[in-house]
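Remarks on the overall topology
If you want the building blocks of each chain, they are given just below.
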Amino acid sequence: MGVTIDTNQAVERIQALTANFKGTVGVAAHDFDTGAEVLFNPDVVVPTASTMKSVLLYELYRQVDAGQIDPSMRITLEERHRVPGSGVLQDLDAGVAPTVKDIATLMITVSDNTATDMIYDLIGREAVAETLKRLGMNNTHLPLDTWELLAGLHNLDPNDPTLTYDRLKQVMASELAPWDCNALRETPDNDISTPRDMLRLQEAIFRGEGLSPESRDAIIDILKRQKLTMIIPEQLPFGVKAAHKTGTLRGVRNDVGLVFAGDRTYAVALMSKDSPNLVASQRLLSDISRLIYECFIGPIPEEAIQ
């Protein structure tokens, strides 16, 4: 049986949970109803991994509202679009033509890398960078698409014409990324963020900042369809909904999003790095997610966990 805890107790418990963790954890959470916050290493810089895809989703719908993009427009899958790693589009025959909304949904729900780069190409890197500035996400940098990020895992040149989809896929399947690889750098030439910045994005989504009500609802609907549910929602009660995006690289395990518990809503960003055991990272962040819920909402009976 869970117990009611306050924000100070939540931080103390996070400190206790992370005491023997071989890695670094950052947490930022905000209760929209009370204004309470739980902050633990909120400004630690962490590679975003696939949590960057939630930024792209926000920017996509901002451009939909601006009349720049029609979400019902179809984009034809070409051989040049294929990116290895997570997702299903890479396994489909060239010529399939999903809508922009379909592609964005795959980008989030199954973290499809091919879909992600199709969306990033569509919305443009300068627009993403400007939106990060506009939101005040000053410690977030997303200069790389997923092709470049995956090449960086093995210190390969993403622009090398001999680096084909098949070659990169083979390298990823046969070699562990080195700990000093480009994709794990904590510098602005890599995709990086902080829990505080990712919390800011969730707040912007929830409040509909820069979005029409229809686009705000579309973003949350897509995020709620997430299929990778091992962290934020894993230990939450049946009926509680999370609109979130996960991210994983070597040593990195992240999950950021919104939690809807009846008439209560809160935002949470859980990020970790430098862990040699991703299973341990996942379990730790899941435990922290439960703590956040118990702090903001209340105790969780064991029989209520999904």
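Residues numbered from 1 in each chain as written. Predicted model: local features only at pLDDT ≥ 70, side-chain atom pairs only at ≥ 80, totals over all residues. Heavy atoms only, no water.

By volume, the largest pocket amounts to about 390 Å³. Forming the walls of the largest pocket are 24 residues, and the residues nearest its centre are S50, S86, L150, T248 and L249. Put simply, the parts of the chain that give the lining of the largest pocket at least two residues each are α6 (146-153) and β5 (241-249). Taken together, the residues that form the lining of the largest pocket break down as 10 nonpolar, 10 polar and four charged. (1 Å grid on protein atoms, 1.4 Å probe; cavity = no way out; pocket = protein on both sides within 12 Å on 5 of 7 lines; lining within 4 Å. Points joined across faces, edges and corners; volume = space filled by probe spheres on them. Helix = DSSP H or I, 4+ residues; strand = E, 2+ residues; numbered from the N terminus. Nonpolar A, V, L, I, M, F, W, Y, C, P; charged D, E, K, R; others polar.)

Our next topic: unusual backbone geometry. Positive phi, normally seen in glycine, also occurs at S111, with a value near 55°. Owing to a relative accessible area of 4%, S111 belongs among the buried residues under this scheme. Not every positive phi belongs to a glycine, and N155 is a case in point at roughly 55°. Among the secondary structure elements, N155 is positioned in the loop between α6 and α7 (165-174). (Buried < 20%, exposed > 50% of the residue type's maximum accessible area, 1.4 Å probe, protein only.)

The next thing to look at is helix α10 (residues 278-296). Along its 19 residues, α10 runs 27 Å from first to last C-alpha, staying within 8% of the 27 Å computed at 1.5 Å per residue. Measuring from the side-chain oxygen of the N-cap residue of α10 to the backbone nitrogen of V279 gives 3.0 Å; that N-cap residue is N277. Backbone geometry just after α10 places G298 at a positive phi near 140°. (Expected span 1.5 Å × (residues − 1). Polar contact = N/O pair within 3.5 Å; in protein donor to acceptor, adjacent residues only side chain to side chain.)

A complete count under the given rule lists three aromatic pairs for this structure. Relative to F260, the ring of F206 lies with its centre 6.5 Å away and its plane at 50°, an arrangement referred to as tilted. Taken together, the residues F206 in helix α8 (residues 195-207) and F260 in strand β6 (residues 252-261) connect sequence positions 54 residues apart. Ring pairing ties together the aromatic residues F32, F206 and F260, which thus form one cluster. In this structure, R125 is placed above the aromatic ring of Y120, and the distance from its NZ or CZ to the ring centre is 5.4 Å. The lysine or arginine in question, K224, covers the ring of F260, its NZ or CZ lying 4.5 Å from the ring centre. (Phe/Tyr/Trp six-rings, centres within 6.5 Å; stacked < 30°, edge-to-face > 60°. Lys NZ or Arg CZ within 6 Å of the ring centre and 35° of its normal.)

Okay, the sheet that holds strand β7 (residues 264-273) next. What the five strands build is an open sheet, ordered β2-β1-β7-β6-β5; its pairing is antiparallel. Bordering the open sheet on either side are β2 (37-40) and β5, each of which pairs with just one other strand. Taking each pair of neighbouring strands and ignoring which way they run, the sheet shows an average axis angle of 10°. Direction of pairing for β5 relative to β6: antiparallel, over a ladder of nine bridges. Residue pairing across strands places K241 opposite F260, the latter belonging to β6. Sheet contacts for α8: β1 (24-31), β2, β6 and β7; angle to β7, the most-contacted strand, approximately 150°. (Pairing = 2+ DSSP bridges. Axes fitted to C-alpha atoms, helices over the stretch in contact; angles between N-to-C directions. Contact = heavy atoms within 4.5 Å.)

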